[in-house]
Amino acid sequence: MFKCDYHTHTNFSFDGAENSTPNTLCEAAIANGVTDLAITDHFECNWRTEAAYPQFEADRHYEEIMEAKEKYKNKLNLSYGIEIGQYNQVPEEADALLKKHDYDFIIGSIHNVRGAVDFYYWDFKSIFESMQHSYIGHMFERYCDELCEVVDAFDKVNTIAHLTYIYRYCALAGNKYDFMKHADHAEKLFKKMIAKDIALEVNVSTLWKGLGFALPDREFLSLYKDCGGKLITVGTDSHSPEHIGECVEDGFALLRSVGLNDILVVRNGEKTIVKI
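Okay, so let's go over this structure. (Residues numbered from 1 in each chain as written. Predicted model: local features only at pLDDT ≥ 70, side-chain atom pairs only at ≥ 80, totals over all residues. Heavy atoms only, no water.)

## Things to note about the packing of aromatic side chains
Put simply, the rule is: Between rings of Phe, Tyr and Trp, where Trp is taken as its six-membered ring, a pair exists when centres lie within 6.5 Å; planes separated by under 30 degrees are stacked, by over 60 edge-to-face, and by other angles tilted. Working definition: with a 1.4 Å probe on protein chains only, accessible area under 20% of the residue-type maximum means buried, over 50% means exposed, and in between means partly exposed. By the criteria applied, helices consist of DSSP H or I runs no shorter than four residues and strands consist of E runs no shorter than two, each listed in order from the N terminus.
Scanning the entire structure with this criterion turns up 21 aromatic pairs. Taking 4.8 Å as the distance between ring centres and 75° as the angle between the ring planes, the aromatic pair formed by Phe-119 and Trp-122 counts as edge-to-face. The exposure classification of Phe-119 matches that of Trp-122, with both residues buried. Ring geometry for Tyr-165 and Tyr-169: centres 5.1 Å apart, planes at 80°, overall edge-to-face. One end of the pair, Tyr-165, and the other, Tyr-169, are both in helix α7 (residues 165–172), four residues apart, so they sit about a helical turn from each other. Judged by its relative accessible area of 3%, Tyr-165 falls in the buried class.

## A word on the nonpolar core
Quick reminder of the rule: Joining through side-chain atoms within 4.5 Å is the link that ties buried Ala, Val, Leu, Ile, Met, Phe, Trp, Tyr and Cys residues into a set, and such a set is a nonpolar core. Between two residues, a contact is recorded if the distance between any of their heavy atoms is within 4.5 Å.
Residues Leu-37, Ile-84, Phe-119, Phe-124, Tyr-143 and Val-234 are the most contacted members of the largest nonpolar core, which totals 98 residues. No other element matches the nine residues that helix α6 (residues 133–153) contributes to this core. Residues in contact with Leu-37, not counting those within four places in the same chain, are Asp-5, Tyr-6, Thr-8, Leu-25, Cys-26, Ala-29, Leu-76, Asn-77, Leu-78, Ser-79 and Ile-244.

## Some details on helix α10 (residues 218–226)
What counts is decided by this rule: Here the arc refers to the directions that run from the helix axis out to each C-beta atom.
Buried within α10 are the following residues: Phe-220, Leu-221, Leu-223 and Tyr-224. Looking straight down α10, one finds its buried side chains confined to an arc of 155°; they lie on one side. For α10, the elements touching its buried residues are α6, α8 (183–195), β6 (199–203), β7 (231–235) and α11 (248–257). Looking at the residues trailing α10, positive phi occurs at Gly-228, about 105°.

## Description of the layout of surface pockets
So the rule is basically this: Buriedness for pockets is judged along seven lines, at least five of which must meet protein on both sides within 12 Å for an open set on the 1 Å grid over protein atoms alone, while cavities are sets there where a 1.4 Å probe fits but cannot get out, and lining residues have an atom within 4 Å of a point. Grid points are joined across faces, edges and corners, and a volume is the space filled by probe spheres set on the points.
The volume enclosed by the largest pocket comes to roughly 350 Å³. Taken together, 22 residues line the largest pocket, and the ones lying closest to its centre are Asp-15, Tyr-120, Arg-168, Tyr-169 and His-239. Put simply, the parts of the chain that give the lining of the largest pocket at least two residues each are β2 (36–44), α7 and α9 (205–208). Considering every element that reaches the lining of the largest pocket, the biggest residue donor is α7, with four residues. Put simply, the second largest pocket is a space of about 200 Å³.

## Observations regarding the sheet that holds β6
The cut-off we apply is this: Strands pair, by our definition, only if DSSP identifies at least two bridges between them. Note on definitions: angles span 0 to 180 degrees between N-to-C directions of axes, and those axes are lines fitted to C-alpha atoms, for helices only across the stretch in contact.
Pairing within the open sheet is mixed, and its nine strands lie in the order β1-β2-β3-β4-β5-β6-β7-β8-β9. Two strands in the sheet have a free side with no partner beyond their single neighbour: β1 (4–5) and β9 (270–275). Strands β1, β6, β7 and β8 (262–267) of the sheet are contacted by α11, whose axis makes an angle of about 155° with β7.

## Regarding the pattern of salt bridges
Note on pairing: side chains with opposite charge can pair once their charged atoms come close. This is how the line gets drawn: Each salt bridge in this description consists of a side-chain nitrogen of Lys or Arg and a carboxyl oxygen of Asp or Glu lying within 4 Å of one another.
Under the definition given, this model contains 14 salt bridges. Linking Glu-249 and Lys-3 is a salt bridge whose minimum nitrogen-to-oxygen distance equals 3.2 Å. Separated by 246 residues along the polypeptide, Glu-249 in helix α11 and Lys-3 in the segment before β1 bring together distant segments of the chain. Classification of Lys-3 by relative accessible area gives buried; the value is 8%. In this structure, Lys-69 and Asp-104 form a salt bridge, with 2.7 Å as the shortest nitrogen-oxygen distance. Of the two residues, Lys-69 sits in helix α3 (residues 58–71) while Asp-104 sits in the loop between α4 (91–100) and β4 (105–109), which places them 35 residues apart along the sequence. With a relative accessible area of 25%, Lys-69 lands in the partly exposed category.

This is the structure:
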């Protein structure tokens, strides 16, 4: 039985729960039937230079992950991962980290485009009430374009996380927006990813939050497949042990429904494709 969770956070992340440690995530993974786990704490390149969150303790993070790998080696395939945010904005920060630490698995993400705060902090309710829908579309296009920059410049990235990240916060504010109106920007991104053998993440956080869709949703996954995409990673984006592995099977079912079956994991330092 295969079950993976390839986007998770411990308290080494600025927003991780206090009880979220490598050990507690591994214990939760084993209890929830997860066979392959990647711990992928945040390293936000631009936030580091702006001192916007506590210093990432990379050396201690490495030590604790290695201890967990040894402790759970007979029960769990554990990967030493990292989520690199906004690589395109301050690449030298990530490059310095990656010269020092050899990660098994690297997520590339954008949480904020240049000149704007993380979408998490936006007041989407007010944006929709003031009928500024075009602004949402414009920012999504900028978001896709910056992810293209990440793919072009970041040769070590393995997957691109939570495409339509902005959609999560629109929905949490009780609003909907048709992001497929801007599918040409996503299509450009997909073609770049496919050419460089970079996977697309299916982030199921919005499923376990009860929003009824994944990031990206079915329409974008179908577009990815139509572009020739095959390679997928799946993660809960958990920031605490409680959600490790939650709704992963629903993510698998969604993928099967659009004909995507190749899941990327890393085992013993080697990329491995598992069919679902």
